[in-house]
Amino acid sequence: MNLDFTKYTNGLIPAIIQDNETKTVLMLGYMNQEAIDKTLETKKVTFFSRSKNRLWTKGEESGNFLELVTILNDCDEDTLLIKVKPVGPTCHTGADTCWQEKNKNVFGFLTTLEAVIEDRKNNFNADKSYVASLFEKGINKIAQKVGEEAVEVVIEAKDNNDTLFLNESADLLFHYLILLQAKGFKLEDVIKVLKQRTK
């Protein structure tokens, strides 16, 4: 890496720390060349502490290390993005991140959709919400709907109408998310199983 240490005070450059799996930003620290070298050598993220005026390996006292995955520099060569596997919480307060956010997997719109389904399940009457009405009818009805939608996806897959195929696929995924919650699970639980299978 060709890094420019001259743009900031004391020759330190900012290092954004991101969980490699969840993509959550965990913290911001500062590094000099010596900190980068030690990080690469030990595979544990080391910063230059401005308050202690020395190198500081995150976790050296708490045991909550940041295990190095990759280091990337930006287009201006004056900021680092360091992807890590955190061992425990990152913030000194005990929080997952220095912004007091939870470090958990988020699946974009699907996570939002799961939250909508949960809200309909818990806060809506069956006569006002299709989702609530399915939960009221019970697990058998929900499972039946998933089966019906799966069959429709198979039928549309054999035809050449992409619009119908995608619409039936959306219906299947939607009802599957409902079934997961009816069984007390979320998409993250299924992802965990898939990850275990890749080991």
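The protein chain is annotated in an unreviewed UniProt entry as Histidine biosynthesis bifunctional protein HisIE from Flavobacterium terrae. In its Subcellular location (unreviewed entry) section, the UniProt entry covering the protein chain states "Cytoplasm".

A.B. asks: Before we move on, can you summarise the overall build of the protein chain with the specific residues and values?
C.D. replies: Scanning the protein chain from N- to C-terminus turns up six helices and six strands. Its helices and strands in sequence order give the protein chain the pattern β-β-α-β-β-β-β-α-α-α-α-α, from N to C terminus. Taking 16 Å as the expected radius of gyration for a compact globule of 199 residues, we find that the protein chain reaches 24 Å, considerably beyond that expectation. Its C-alpha atoms put the protein chain at 65 × 40 × 30 Å along the principal axes. Within the span of the protein chain, comprising 199 residues, buried residues form 34% of the whole.

A.B. asks: Tell me about helix α3 (residues 130-137), residues and numbers included.
C.D. replies: Inspection of α3 places Val131, Ala132, Ser133, Leu134 and Phe135 among the buried residues, and these make up the whole buried set. Buried residues in α3 make contact with α2 (109-123), α4 (139-157) and α5 (162-182). Of the residues flanking the start of α3, the one acting as N-cap is Ser129, its side-chain oxygen 3.3 Å from the backbone nitrogen of Val131. Looking one or two residues past α3, Gly138 carries a phi angle of roughly 100°, positive in sign.

A.B. asks: Can you tell me about the pattern of salt bridges, naming the residues and giving the values?
C.D. replies: The tally for this structure, following the rule as stated, stands at seven salt bridges. Here Lys145 ties to Glu148 by a salt bridge, and the two come within 3.8 Å at their closest N and O atoms. Note that Lys145 and Glu148 are positioned in helix α4 at a spacing of three residues, about one turn of the helix. A relative accessible area of 16% means that Lys145 is categorised as buried. Relative accessible area serves as the criterion here: at 31%, Glu148 is assigned to the partly exposed category. Each of the salt bridges in this network shares a partner with another, and the network as a whole consists of Lys145, Glu148 and Glu149.

A.B. asks: Give me the packing of aromatic side chains: which residues, what numbers.
C.D. replies: As enumerated under the stated definition, the model contains one aromatic pair in all. Sitting over the ring of Phe124, Arg120 keeps its end group 4.6 Å from the ring centre.

A.B. asks: Run through the side chain of Asn32, naming residues and quoting values.
C.D. replies: Mapped onto the elements, Asn32 comes out in the loop between β2 (25-31) and α1 (33-42). In this structure the side chain of Asn32 is engaged in a polar contact, spanning 2.8 Å, whose partner is the backbone nitrogen of Ala35. When residues no more than four places from it in sequence are discounted, the contact partners of Asn32 are Phe5, Gly11, Leu12, Phe48 and Leu55.

A.B. asks: Outline the domain arrangement of the protein chain, supporting the account with residue identities and numerical values.
C.D. replies: What the domain assignment reports for the protein chain is domain 1 (13-86) and domain 2 (108-198). Here domain 1 and domain 2 have C-alpha centroids that lie 40 Å from each other.

Thresholds applied
Residues numbered from 1 in each chain as written. Predicted model: local features only at pLDDT ≥ 70, side-chain atom pairs only at ≥ 80, totals over all residues. Heavy atoms only, no water. UniProt positions renumbered as here; feature names shortened; annotations may be inferred. Helix = DSSP H or I, 4+ residues; strand = E, 2+ residues; numbered from the N terminus. Rg over C-alpha atoms; globule rule 2.2 N^0.38 Å. Buried < 20%, exposed > 50% of the residue type's maximum accessible area, 1.4 Å probe, protein only. Contact = heavy atoms within 4.5 Å. Polar contact = N/O pair within 3.5 Å; in protein donor to acceptor, adjacent residues only side chain to side chain. Salt bridge = Lys/Arg side-chain N within 4 Å of Asp/Glu carboxyl O. Phe/Tyr/Trp six-rings, centres within 6.5 Å; stacked < 30°, edge-to-face > 60°. Lys NZ or Arg CZ within 6 Å of the ring centre and 35° of its normal. Domains from an automatic or database assignment.

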